[in-house]
Amino acid sequence: MATVVVKNGNVDGALRTLKQRNAKDGSSKKVRERMDGYLKPGAKRRLEKKENTKNVRKRNRERY
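Residues numbered from 1 in each chain as written. Predicted model: local features only at pLDDT ≥ 70, side-chain atom pairs only at ≥ 80, totals over all residues. Heavy atoms only, no water.

(A) Spatial organisation of the overall build of the protein chain. The helix and strand tally for the protein chain stands at three helices and zero strands. Counting helices and strands in the order they occur from the N terminus, the protein chain gives α-α-α. The C-alpha radius of gyration of the protein chain comes to 16 Å, more than 25% above the 11 Å expected for a compact globule of 64 residues. Structurally, the protein chain occupies a C-alpha span of about 50 × 40 × 10 Å along its principal axes. Relative to its full complement of 64 residues, the protein chain shows a buried share of 6%. Distance between charge centroids for the protein chain: 4 Å, based on 21 positive and 7 negative side chains. (Helix = DSSP H or I, 4+ residues; strand = E, 2+ residues; numbered from the N terminus. Rg over C-alpha atoms; globule rule 2.2 N^0.38 Å. Buried < 20%, exposed > 50% of the residue type's maximum accessible area, 1.4 Å probe, protein only. Lys, Arg positive; Asp, Glu negative; His and termini not counted. Charge placed at Lys NZ, Arg CZ, Asp CG, Glu CD.)

Right, here's the structure in full:
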């Protein structure tokens, strides 16, 4: 879990920074996965493949 220091009472800025750091290290994704429970290896593989194809399409869309 990321930690953020609130400077000069700027809670909104600290919250924004915290959300960005959590998004980068993927901690919110890990929590969501734990809440969903156990996934069979095949289901996990299909889900990862689906995410990877989505990310590749997104990257290609941003390049052009």
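Structure's up, so let's keep going.
(B) Seen up close, the confidence of the model for the protein chain. Residues of the protein chain with pLDDT of at least 70 account for 97%, and the chain-wide mean is 89. The secondary-structure element of the protein chain with the lowest mean pLDDT is helix 2 (residues 27-36), recorded at 85, while helix 3 (residues 41-63) shows the highest, at 92. (pLDDT = per-residue confidence, 0-100.)

(C) Focus on the environment of Lys58. With respect to the secondary-structure elements, Lys58 resides in helix 3. Residue class for Lys58 comes out partly exposed when judged on its relative accessible area of 43%. C-alpha separation for the pair Lys58 and Asn22, spaced 36 residues apart in sequence, amounts to 21 Å.

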